[in-house]
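Read off the chains here:
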Amino acid sequence: MSADLQRWRLILGPAADRSCGGLSEENAGRDAALDWLYGRDDDLGKRDVRRGGARGASSDRSGGDEASIVTTVDWLDSIHRLFPKETIERLERDAIERYQINDVLTDPDVLARIEPNPALLKAVLQTKHLMNPAVLNAARRIVEEVVRQLVEKLSIQVRTVFSGSRNRRPSYHRRARDFDLKRTLKANLKHYRPDDRQVAIERPHFHSRTSKRLEQWQLVLLVDQSGSMTSSVIHSAVTAACLYALPGLKTHLVAFDTSVVDMTSEVDDPVELLMKVQLGGGTDIAMAVDYAAGLIENPRRSIVALITDFYEGGSEARLVHTTKQLCEQGTQFLGLAALDEDANPSYDRNLAKRMADVGAHIGAMTPSHLVEFVAERLGT
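Anyway, here's the lowdown on the structure attached to this text. (Residues numbered from 1 in each chain as written. Predicted model: local features only at pLDDT ≥ 70, side-chain atom pairs only at ≥ 80, totals over all residues. Heavy atoms only, no water.)

1. What to know about the packing of aromatic side chains
On inspection of all chains with the given rule, the structure shows 3 aromatic pairs. Judged by centre distance (4.8 Å) and plane angle (25°), the ring pair of Trp36 and Trp75 falls under stacked. Residue Trp36 is located in helix 3 (residues 25-38), and its partner Trp75 is located in helix 5 (residues 72-82); the two are separated by 39 residues in the primary sequence. Note that Arg40 overlies the ring of Trp36, its terminal NZ or CZ placed 4.5 Å from the centroid. Positioned over the ring face of Phe373 is Arg377, at 3.8 Å from the centre of the ring. (Phe/Tyr/Trp six-rings, centres within 6.5 Å; stacked < 30°, edge-to-face > 60°. Helix = DSSP H or I, 4+ residues; strand = E, 2+ residues; numbered from the N terminus. Lys NZ or Arg CZ within 6 Å of the ring centre and 35° of its normal.)

2. A short note on helix 6 (residues 85-98)
Its 14 residues give helix 6 an end-to-end C-alpha distance of 19 Å, which sits within 8% of 20 Å, the value for a rise of 1.5 Å per residue. Looking only at helix 6, the buried set comprises Ile88, Leu91, Glu92, Asp94, Ala95 and Ile96. One or two steps after helix 6, the chain reaches Gln100, where phi turns positive at roughly 45°. (Expected span 1.5 Å × (residues − 1). Buried < 20%, exposed > 50% of the residue type's maximum accessible area, 1.4 Å probe, protein only.)

3. Notes on unusual backbone geometry
Peptide bonds are mostly trans, and most non-glycine residues show a negative phi. Phi at Gln100 takes a positive value of approximately 45°, unusual for a residue other than glycine. Gln100 sits in the partly exposed class, given a relative accessible area of 48%. Phi is positive for Arg197, close to 55°, though the residue is something other than glycine. Relative to the assigned elements, Arg197 resides in the loop between strand 2 (192-193) and strand 3 (198-199).

4. Side note on the side chain of His252
Considering the arrangement of structural elements, one finds His252 in strand 6 (residues 249-256). Those residues in contact with His252 that sit more than four places away from it in its chain are Gln218, Leu219, Val220, Leu221, Thr264 and Leu295. (Contact = heavy atoms within 4.5 Å.)

5. A word on the environment of Val151
Inspection of the secondary structure assignment puts Val151 in helix 10 (residues 133-162). Exposure remark for Val151: the relative accessible area of 24% places this residue in the partly exposed category. A C-alpha to C-alpha distance of 9.1 Å links Val151 and His235, two positions 84 residues apart in sequence. Residue contacts for Val151: discarding those within four places in its chain leaves Val238, Cys242 and Pro270.

6. A closer look at the nonpolar core
Counting residues in each nonpolar core, the largest one holds 75 residues, and the members touching the most others are Trp75 and Phe162. Take this core: its biggest share by element is 12 residues, from helix 10. Discounting residues that sit within four places of it in the chain, Phe162 has contacts with Leu243, Leu246, Val371, Val374, Ala375 and Leu378. Counting 25 residues, the second largest nonpolar core, distinct from the first, contains Ala288, Ile296, Val304 and Leu306. (Core = buried A, V, L, I, M, F, W, Y, C linked by side-chain atoms within 4.5 Å.)

7. Details of the pattern of salt bridges
Taken as a whole and judged by the stated rule, the model has 13 salt bridges. The partner of Arg140 in a salt bridge is Glu144, and the shortest N-O contact between them spans 3.2 Å. Taken together, the residues Arg140 and Glu144, both in helix 10 and 4 residues apart, mark about one turn of the helix. Accessibility expressed as a relative area gives 24% for Arg140, which makes it partly exposed. When its relative accessible area of 39% is taken as the criterion, Glu144 is described as partly exposed. A salt bridge links Glu297 to Lys250; the nearest nitrogen and oxygen atoms lie 2.6 Å apart. (Salt bridge = Lys/Arg side-chain N within 4 Å of Asp/Glu carboxyl O.)

Below is the structure:
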């Protein structure tokens, strides 16, 4: 069977055996791993899709209710052996989010084998209150690794944004990162060598680099820790950690549900901070915004970033009133329905509009966009 037919057979399942032919030993292992996970989908029967029959899978499986002959540890070992990294991450994410395979989060042996990824981190944070100490210790490895990756990525963006911007003025300091290719080519075109089809660079040109003048600003990150905001909680902790040490910026991180917890003292350790966050519960946004208002030292050099789905369990009128006061006194007020890599918001648009009407900037941002917003304000 050709490689293309093998791939189509894996996509279509055992029902395509007659059309595509049999599978190689390696692809049969892939098919069994896929069937172990996706064969439990109740929708297959409704669509008259026949699964099962793959090597290593239960031949009479119908929705995955019966005990599997393959344990989760066996399955993890097989997918790490048979699939590329991107596919492994997708399979593990589906196991956690789509099929709620609980031993992924309750078995230390499974946690020791699984590849750390953002979906797994979310699941750990949502269920850590149910874990015994041994499992929680194993889960901490997941938190540390994913947070390390996120901090590493965002730190590069923070350094880029705050290291100074190039302008059009020439510089006599010759640094490779400031090389002005366009101006150099224009100035040296008279030295073009037709035979060699090359421009002889007799005098290179460089940009100057102007550092932003950082005066003292305050940034208050208010983070809704309800269950639907898990991704934003993660990225808020990482963003706060990356901004915390910047000169000219005083960063606060405040988590809230029906109470307010100021976590600024732990913002330099996002792993420990996330392990202490308690997800779920009600939401009193107005109370959190009132708390932020009490932190403001210089209204015209302050940013309040409220990260929430805007589903208010407290007083909407009080929330809108405090938001209006903050905006009128010159504070930059951001209402973010999402702060993560996807920035796909789901929120109460009516309340968000009321807040926008009194001066708040409403939207969704990735962490890098929030960093750029803060940098622009600090440079003014």
